[in-house]
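Residue-level structural notes
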Amino acid sequence: MDYDRPLFYRVMRYAAEAERDTIDMVSGSPDWEAPESLRRGLREYADGDADSFQYPPSAGLRELRTEIAERRNVDRRQVIVTNGTGEANYLGMAAALDRDRGEEVILTDPVYPYYPGKTDLLGGTASFVPTERDGQLDPEKVREAASEDTGLIVVNTPNNPTGAVYPRETMEALVEVAEANDAVLLADEVYDHFDFSGRFESALTIDSDHRIVTSGFSKSLAITGFRVGYVILPEELVDPARTRHMLVNVATSRPAQAAVLTALRETSPEYYAEVRDLLRDRIETFTDALDAAGAEYTTPEGAFYVLARFEDFPGTLSNVERLIDEAGVAGMPGEAFGSAREDWFRFALVTPRAEEAADRLAAFFD
Ligand SMILES: Cc1ncc(COP(=O)(O)O)c(C=O)c1O
């Protein structure tokens, strides 16, 4: 996999330069509104005094860390507020590999491409365990792949790109595999608010010194541009992660943290429920139309991506470009997510035009 120029950017640029109207289903940037309280928090911050415009504590605003710790039922000391889940993943992966208990990183295939990218960056060696057809991960396969060389196992639930939500048994078994091999399980839970199956289980509910959980507010508050996330670490990994965060970033943007804090305190559960309803509708209309197009597809249990496959039309970059030019629909090539789904395309349901997109696909493949 080539990370110098992520495929993602290439496809976005191609779609933006397309001559015809193109429905953008490439990125994971929500098209729905952030909660009103988020905007209010930002406005209130803008009217604050000069002091509040200065450096925040490096690990994050104390009130925000407290709020996160209470919600996730952990000690505030274990929480570092980061520049998005992206940085949280980097800090967590670095902290795990810095333990020097093995440089192998077990990842799934399909995979969120930034994990292998970060593995390379951190000098680890990626090893891929294929998921099942429905996107579920068989922990026995992870157990077979793991050894004393394994320092880290990284999973993502709810999953991008498969939409799978791992049940409690899977999370328990993965923590157990990490413990048995003196490795660390990192669970990226950035889509934790987008579970349609009701069986999402945070790795935090399994008590262990061998697991790290990352998450953030890019998706749950529809603010990918704000860059606020967090990592929850076992006690012994907190200090090295805090140091790395401080040396690389000094801190995470303070206005963004302040706005997130207000939003966390003041957003009602209905906001999250309404977004889930919106996505459920989109999943249904998009997959119905994919049926009409004769495509094979996944129905996500969580997150907001659909993988689809069309006969004799593999999900290569050149076919992605053809779909942009000839159908007016932009998706991601399956090959961006490892080798298991090379024949597939990934469509992000971040547009109100999802149904129209599927109709366009149906017309193209007719
Ligand atoms: C699985 C996964 N992890 C992390 C991220 C990055 O999240 P953030 O914007 O919080 O850095 C994404 C973004 O699409 C993602 O899909």
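Residues numbered from 1 in each chain as written. Predicted model: local features only at pLDDT ≥ 70, side-chain atom pairs only at ≥ 80, totals over all residues.

1. Things to note about the domain arrangement of the chain
- Here the domain parsing of the chain yields domain 1 (7-34 + 269-365) and domain 2 (53-266).
- Distance between the C-alpha centres of domain 1 and domain 2: 26 Å.
- With 25 residues of domain 1 at the interface, the matching set in domain 2 holds 28 residues.
- Secondary-structure elements contributing two or more residues to the side of domain 1 that touches domain 2 are helix H10 (269-292) and strand E10 (305-309).
- Residue classes in the side of domain 1 that touches domain 2 are distributed as 13 nonpolar, six polar and six charged. (Domains from an automatic or database assignment. Contact = placed C-beta atoms within 7 Å. Helix = DSSP H or I, 4+ residues; strand = E, 2+ residues; numbered from the N terminus. Nonpolar A, V, L, I, M, F, W, Y, C, P; charged D, E, K, R; others polar.)

2. A few points about the site of the ligand
- Taken together, 13 residues sit near the ligand, with Gly84, Thr85, Gly86, Gly216 and Ser218 positioned nearest.
- Ranked by the residues each element gives to the shell around the ligand, the list is headed by helix H4 (residues 84-97), at three residues.
- Looking at the shell around the ligand residue by residue, the class counts come to two nonpolar, 10 polar and one charged. (Near = placed C-beta within 6 Å.)

3. A few points about H10
- Helix length check: H10, at 24 residues, gives a terminal C-alpha distance of 35 Å against a target of 34 Å (1.5 Å per residue), a fit within 8%.
- Where H10 is buried, its residues meet strand E9 (296-297), E10 and helix H12 (354-365).
- Phi turns positive one or two residues past the end of H10, at Gly294, with a value near 70 degrees. (Expected span 1.5 Å × (residues − 1).)

4. So, the sheet that holds E10
- One open sheet accounts for four strands, arranged E9-E10-E13-E12; its pairing is antiparallel. If you trace the sheet from one side to the other, it starts and ends with E9 and strand E12 (332-333), each paired once.
- Pairing of E12 with strand E13 (residues 345-348) involves two bridges; the strand directions are antiparallel. The partner of Pro333 across the bridge, within E13, is Phe345.
- With respect to the sheet, H10 is in contact with E9 and E10, its orientation differing from that of E10 by roughly 5 degrees. (Pairing = 2+ DSSP bridges. Axes fitted to C-alpha atoms, helices over the stretch in contact; angles between N-to-C directions.)

5. Section: unusual backbone geometry
- The peptide bond linking Thr157 to Pro158 adopts the cis configuration, its omega dihedral lying at -15 degrees.
- Considering the arrangement of structural elements, one finds Pro158 in the loop between strand E5 (150-156) and helix H7 (168-180).
- In this chain, Asn160 is followed by Pro161 through a cis amide linkage whose omega measures 20 degrees.
- Looking at the element boundaries, Pro161 is found in the loop between E5 and H7.
- A positive phi angle, close to 65 degrees, is found at Val250, a residue other than glycine.
- Note that Val250 resides in the loop between helix H8 (235-249) and helix H9 (254-266).

6. A closer look at the UniProt feature "domain: Aminotransferase class I/classII large" (unreviewed entry) in the chain
- Taking the numbering used here, the UniProt-annotated feature "domain: Aminotransferase class I/classII large" (unreviewed entry) corresponds to residues 23-352.
- Structurally, residues 23-352 is divided into 38% helix and 17% strand, and its ends, taken at the C-alpha atoms, are 10 Å apart. (UniProt positions renumbered as here; feature names shortened; annotations may be inferred.)

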